[in-house]
Amino acid sequence: LSALPDLHTLHEDEDGWTIGAGVRLSELEAWSDGRQPMLARMLRYFGSRQIKNRATVGGNLCNASPIGDLAPAFLALDAIVTLRRPSGDRTLPLDQFFLDYRRTALAEDEVMLSLFVPRPPPDARQSAHKVSKRRELDISAVAAAFVVATDDAGYVLHARIAYGGMAATPSRARATEAALRNKVWSAQTLE
């Protein structure tokens, strides 16, 4: 797969970013710095330089580990995956990609081609966190990512909260997202 040029796309346009499944994590880390700070932060604590120089975005996601570090960040960013098979491409939201423990929506004749990450709402607050025994070079116990946007009055218009390590698959906290929507972004609301 590493010889397929279509898998190595890193492209930005006005709607968002297209990230090829074959993009190495070290490439994504350097590329996301200044473009997508949440990804840059998560990748900073991902693993050793040797691992990041070899591991790929698609490998991390298709592995379908419930404690993978990238899945929560991409889930919070509303990523859409493109899957390729001989009969053509299909797309689906990343939150429909993980089906069960280490099981994905990939068909036997498919590979992940890329992810599309739409631009978050303007001025959205973004953060990603990793809990592990060591700060660096350690697998996550829990990983979390958050994207929240408010209007001028401070009411939540958009909320995406995603976790890895809390269940058999990485997933969004949809009930919490719904509970935040149309509430004032305050310490009391968060409590």
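Look up a bit, the structure's there.
Rules and cut-offs
- Residue positions within a chain follow its written sequence, with the count starting from 1.
- For this predicted model, a pLDDT threshold of at least 70 governs which residues receive local features, and a threshold of 80 or more governs which side-chain atom pairs are given and counted, while totals over whole chains, interfaces and linings are taken from all residues.
- Just so you know, side-chain values use all the structure's heavy atoms and leave hydrogens and water out.
- The helix and strand labels rest on DSSP assignments: H or I over at least four residues marks a helix, E over at least two residues marks a strand, and numbering proceeds from the N terminus.
- Atoms counted for the radius of gyration: C-alpha only. Globule rule: 2.2 Å times residue count to the power 0.38.
- Whether a residue is buried, partly exposed or exposed follows from its accessible area with a 1.4 Å probe, protein chains only, as a fraction of its type maximum: under 20%, in between, or over 50%, in that order.
- For this analysis, residues touch if any pair of their heavy atoms sits within 4.5 Å.
- Computed with a 1.4 Å probe, the accessible areas rest on the Shrake-Rupley method; for each residue, only the protein chains presented here act as cover.
- Under the counting rule used here, the positive set is Lys and Arg, the negative set is Asp and Glu, and His together with the chain ends is not counted.
- To locate a charge, take NZ of a lysine, CZ of an arginine, CG of an aspartate or CD of a glutamate.
- Each pair of aromatic rings taken from Phe, Tyr and Trp, with Trp reduced to its six-membered ring, is defined by centres within 6.5 Å and is described as stacked if the planes are under 30 degrees apart, edge-to-face if over 60, and tilted in the remaining cases.
- Our definition puts a charge over a ring when NZ of Lys or CZ of Arg is within 6 Å of the ring centre and also within 35 degrees of the ring normal.
- By definition here, a salt bridge exists when the distance from a side-chain nitrogen of Lys or Arg to a carboxyl oxygen of Asp or Glu is within 4 Å.
- Whether two strands pair depends on DSSP finding at least two bridges between them.
- The angle between two axes is taken between their N-to-C directions and runs from 0 to 180 degrees, where each axis is a line fitted to C-alpha atoms and a helix contributes only its stretch in contact.
- By definition in this entry, angles of less than 35 degrees are roughly parallel, angles greater than 145 are roughly antiparallel, angles of 65 to 115 are roughly perpendicular, and the rest are oblique.
- Here is the rule for handedness: rotate from the far helix to the near one, and if that takes an anticlockwise turn smaller than a right angle the crossing is left-handed, while a clockwise turn gives right-handed.
- For this analysis, a nonpolar core means a set of buried residues of the types Ala, Val, Leu, Ile, Met, Phe, Trp, Tyr and Cys, connected via side-chain atoms within 4.5 Å.

Visitor: Residue-level account of the overall build of the chain, with values.
Guide: Summing up its helical and strand segments, the chain has 7 helices and 11 strands in all. In summary, the chain has a C-alpha radius of gyration of 16 Å against a globular reference of 16 Å for 191 residues, a match within 12%. Projected onto its principal axes, the C-alpha coordinates of the chain cover approximately 50 × 40 × 35 Å. Taking all 191 residues of the chain together, 45% fall into the buried category. Across the chain, every contact between residues at least 6 apart in sequence was considered, and the portion connecting residues at least 24 apart equals 55%. If you sum the accessible surface of the chain, you get close to 9900 Å²; carbon and sulfur atoms cover 51% of it. On the chain, the mean spot of the 23 positive side-chain charges and the mean spot of the 23 negative ones are 6 Å from each other.

Visitor: Any details on the packing of aromatic side chains? Residues and values, ideally.
Guide: In the structure shown here, the tally under the stated rule is 2 aromatic pairs. Arranged with centres 6.0 Å apart and planes meeting at 85 degrees, the rings of Phe146 and Tyr163 form a pair that is edge-to-face. Remark: Tyr163 occurs in strand 10 (residues 156–164) and Phe146 occurs in strand 9 (residues 142–150); sequence separation between them is 17 residues. According to the relative accessible area criterion, Phe146 is partly exposed, its value standing at 25%. Under the relative-accessibility criterion, Tyr163 is labelled partly exposed at 27%. Geometry around Trp17 places Arg119 over its ring, the cationic atom sitting 4.9 Å from the centre.

Visitor: I'd love a proper account of unusual backbone geometry, names of residues and values included.
Guide: Leaving glycine aside, a negative phi is the common case for residues, and trans is the common case for peptide bonds. One non-glycine residue, Asp123, adopts positive backbone phi at about 60 degrees. Tracing the backbone shows Asp123 in the loop between strand 7 (111–118) and strand 8 (125–131). Assessed through its relative accessible area of 75%, Asp123 is described here as exposed.

Visitor: Now, about the pattern of salt bridges: what can you tell me, with residues and values included?
Guide: When their charged atoms lie close together, side chains carrying opposite charge are able to pair. Summed over all chains, the structure comprises 14 salt bridges. With its nearest N and O atoms 3.1 Å apart, the salt bridge here joins Arg49 to Glu29. Of this pair, Arg49 sits in helix 3 (residues 49–54) while Glu29 sits in helix 1 (residues 25–32); the two residues are 20 residues apart in sequence, bridging distant segments of the chain. Classification of Arg49 as partly exposed rests on a relative accessible area of 43%. When the shortest N-O distance is used, the salt bridge between Arg85 and Glu110 registers 3.0 Å. Residue Arg85 is found in strand 3 (residues 80–85), and its partner Glu110 is found in the loop between strand 6 (103–104) and strand 7; the two are separated by 25 residues along the sequence.

Visitor: Which residues make up the sheet that holds strand 2 (residues 16–20), and what values do they have?
Guide: Strands sit in the order 1-2-7-3-4 across an open sheet of 5 strands; the sheet is antiparallel. Strands with a single pairing partner mark the edges of an open sheet, and in this sheet they are strand 1 (10–13) and strand 4 (88–93). If you compare each strand with its neighbour and ignore which way they point, the axes differ by 20 degrees on average. Across 4 bridges, the pairing between strand 1 and strand 2 is antiparallel.

Visitor: Go over the packing of helix 1 against helix 2 (residues 37–44) with me, naming the residues and quoting the values.
Guide: One can describe the packing of helix 1 onto helix 2 by two numbers: an axis separation of 8 Å at closest approach and a directional angle of 135 degrees. Between helix 1 and helix 2, the interaxial angle falls into the category oblique. Of the two possible hands of crossing, helix 1 and helix 2 adopt the one that is left-handed. Taken together, the residues of helix 2 that come into contact with helix 1 (itself represented by Leu25, Leu28, Glu29 and Ser32) are Pro37, Leu39, Ala40, Leu43 and Arg44.

Visitor: Residues and numbers for the nonpolar core, please.
Guide: Judged by nonpolar contacts, the single largest core of 42 residues is most densely connected at Ile19, Val57, Leu61 and Phe74. Here the element with the most residues in this core is helix 5 (residues 70–76); it accounts for 6 residues. Beyond its immediate chain neighbours, meaning those up to four positions away, Val57 contacts Ile19, Gly20, Ala21, Val23, Leu25, Leu28, Leu70, Phe74 and Leu115. One finds Val156, Ile161, Ala173 and Leu180 within the second-largest nonpolar core, a separate group that totals 6 residues.

Any functional reading would require information that these geometric values do not contain.
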